[in-house]
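Single-letter residue listing:
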Amino acid sequence: MAGLSSWEIAEEIGVSHSSVLEWARAIASIQGSVPQRERKLIAVDETELKVNGRIVYVWAAMDIDTRELLAMEATWSRSAIHALLFLRKVLGRCTNRPTFVVDGGPWYRWALRPWS
């Protein structure tokens, strides 16, 4: 939902503006508390959710060793560009180039090429 205001998100998914702000603060506090450090394996996945009849893709990345949630994001579409931008955000939590564990989604092949 990048690029949308909290008011627009609330209207789109049919919830209150304050709920959207609470969710944003909760996610930011989780992600903001994760220290930048060397990491070995990071699992990345996305899931498709239907919200008020519209598809939303939720991306998440977790350090396999520490079980820390490194990043989470929602987008209106799923593509190699979205995967690349998300992986860059995840790398901001790393001091090294970890190995990414992903499923067979074709959007990951191109997005992971810079780190192959």
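Note that residues are indexed from 1 along each chain, following the sequence as it is written. At least 70 in pLDDT is required for a residue's local features to be given in this predicted model, at least 80 for side-chain atom pairs to be given and counted, and no such filter applies to totals for whole chains, interfaces and linings, which use all residues. By convention in this description, side-chain values take in all heavy atoms of the structure and omit both hydrogens and water.

Attention now moves to the nonpolar core. Considering soluble globular proteins, one finds that nonpolar side chains tend to be buried as a cluster. Side-chain atoms within 4.5 Å are what join buried Ala, Val, Leu, Ile, Met, Phe, Trp, Tyr and Cys residues into a set we call a nonpolar core. Buried means the residue's accessible area, taken with a 1.4 Å probe over protein chains only, is under 20% of the maximum for its type, while exposed means over 50%, and partly exposed covers the values in between. Grouped together as the largest cluster of nonpolar side chains are 20 residues, with contacts concentrated most on Ile42, Val44, Val90 and Phe100. Put simply, DSSP H or I for four residues or longer makes a helix, DSSP E for two residues or longer makes a strand, and each gets a number counted from the N terminus. Of all the secondary structure elements, the ones that give two or more residues to this core are β1 (41-51), β2 (54-63), β3 (69-75), α3 (80-91) and α4 (106-112). Among the elements that make up this core, the one with the highest residue count is α3 (six residues). Contact criterion: two residues are considered in contact whenever any of their non-hydrogen atoms come within 4.5 Å of each other. Apart from residues no more than four positions distant in its own chain, isoleucine 42 is found in contact with Ala61, Met62, Ile64, Leu70, Val90, Cys94, Pro98, Thr99, Phe100 and Val101.

Another point: the sheet that holds strand β4 (residues 99-101). When DSSP finds two or more bridges between two strands, those strands count as paired. Spatial ordering of the open sheet is given by β3-β2-β1-β4, a layout of four strands whose pairing is mixed. Looking at strand neighbours, the two that pair on one side only are β3 and β4, the edges of this open sheet. Here the strands of the sheet are splayed against their neighbours by 20° on average, with no regard to which way each runs. Pairing geometry for β1 and β2, over 10 bridges, is antiparallel. Counted as the bridge partner of aspartate 45 is alanine 60 from β2. In this description, a line fitted to the C-alpha atoms serves as the axis of each element, helices being fitted only across the stretch in contact, and the angle between N-to-C directions of two axes falls anywhere from 0 to 180 degrees. Contacts between α3 and the sheet are confined to β1, β2, β3 and β4, with β3 contributing the most and set at about 155° to the helix.

For patch detection, residues must exceed 30% relative accessible area and be free of salt bridges, and they are connected within 9 Å for like charges or within 5 Å for nonpolar side chains (Val, Leu, Ile, Met, Phe, Trp, Tyr). In this description, accessible areas are obtained by the Shrake-Rupley approach with a 1.4 Å probe, and a residue is regarded as covered only by the protein chains that are shown. Whenever Lys or Arg places a side-chain nitrogen within 4 Å of a carboxyl oxygen from Asp or Glu, that contact is recorded as a salt bridge. A cluster of nonpolar residues, Leu41, Ile64 and Val101, forms a patch on the protein surface that exposes about 190 Å² of accessible area. Take isoleucine 64: it is sitting in the loop between β2 and β3.

As a further point, take the environment of phenylalanine 100. Position of phenylalanine 100 relative to the elements: it lies in strand β4. According to the relative accessible area criterion, phenylalanine 100 is buried, its value standing at 12%. In the structure, phenylalanine 100 is positioned 37 residues away from aspartate 63 in sequence and 9.5 Å away in space, judged by C-alpha atoms. Among all residues touching phenylalanine 100, those that are not within four sequence positions of it are Ile42, Val44, Leu87, Val90, Leu91 and Leu112.

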